[in-house]
Amino acid sequence: MSLNELSEKVGIANVNLSKIKTGKVSAIRFSTLSAICEALDCQPGDILEYQK
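Not measured: the values here are computed from a predicted model.

Basis of the calculations
- Residues numbered from 1 in each chain as written.
- Predicted model: local features only at pLDDT ≥ 70, side-chain atom pairs only at ≥ 80, totals over all residues.
- Heavy atoms only, no water.
- pLDDT = per-residue confidence, 0-100.
- Helix = DSSP H or I, 4+ residues; strand = E, 2+ residues; numbered from the N terminus.
- 1 Å grid on protein atoms, 1.4 Å probe; cavity = no way out; pocket = protein on both sides within 12 Å on 5 of 7 lines; lining within 4 Å.
- Points joined across faces, edges and corners; volume = space filled by probe spheres on them.
- Nonpolar A, V, L, I, M, F, W, Y, C, P; charged D, E, K, R; others polar.
- Axes fitted to C-alpha atoms, helices over the stretch in contact; angles between N-to-C directions.
- Parallel < 35°, antiparallel > 145°, perpendicular 65-115°, else oblique.
- Left-handed = near helix turned anticlockwise from the far one by under 90°.
- Contact = heavy atoms within 4.5 Å.

1. Concerning the confidence of the model for the protein chain
Then, in step 1: Confidence in the prediction of the protein chain, expressed as mean pLDDT, is 93, and 100% of residues score 70 or more.
Then, in step 2: The least confident element of the protein chain is helix α2 (residues 14–22), whose mean pLDDT is 92; the most confident is helix α3 (residues 30–40), at 96.

Written as C-alpha cells, this is what we have:
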C-alpha cells in the first residue's frame, strides 16, 4: 500500500504519516495508531519498535 493510499484511509496528512514512518515524531495518538492498524490489518507491535 502506498503512503498516499494509507494517508487517505487513515485520514491524516501524507507529510505527517511520512514523519511517523521515518521516526521523526516523538509521540503518536492512540487514535492514529488504531486507524493505521485497522487500515493495515495489523497489531501495534507489528509496526512499532522500541529503541533506547
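Once the structure has been displayed, the description carries forward.
2. Digging into the layout of surface pockets
To find leftover empty space, a probe the size of one water molecule is rolled over the atoms.
Then, in step 1: Of the voids in this model, the largest pocket is the one considered here, and its volume is about 440 Å³.
Then, in step 2: I20, K21, G23, I47 and L48 are the residues nearest the centre of the largest pocket, which is lined by 16 residues in total.
Then, in step 3: Considered class by class, the residues forming the lining of the largest pocket number twelve nonpolar, two polar and two charged.

3. Concerning the packing of helix α1 (residues 3–10) against α2
Then, in step 1: Following both chains from N to C, one finds α1 and α2 inclined at 110 degrees, their axes separated by 9 Å at the closest point. The angle between the axes of α1 and α2 places the two elements in the roughly perpendicular class. Read as a crossing pair, α1 and α2 show a hand that is right-handed. Packed against α1, whose contacting residues are L3, N4, L6 and S7, the element α2 presents N14, L17, S18 and K21 at the interface.
Then, in step 2: Grouping the amino acids of the contact of α1 with α2 by side-chain chemistry returns three nonpolar, four polar and one charged.

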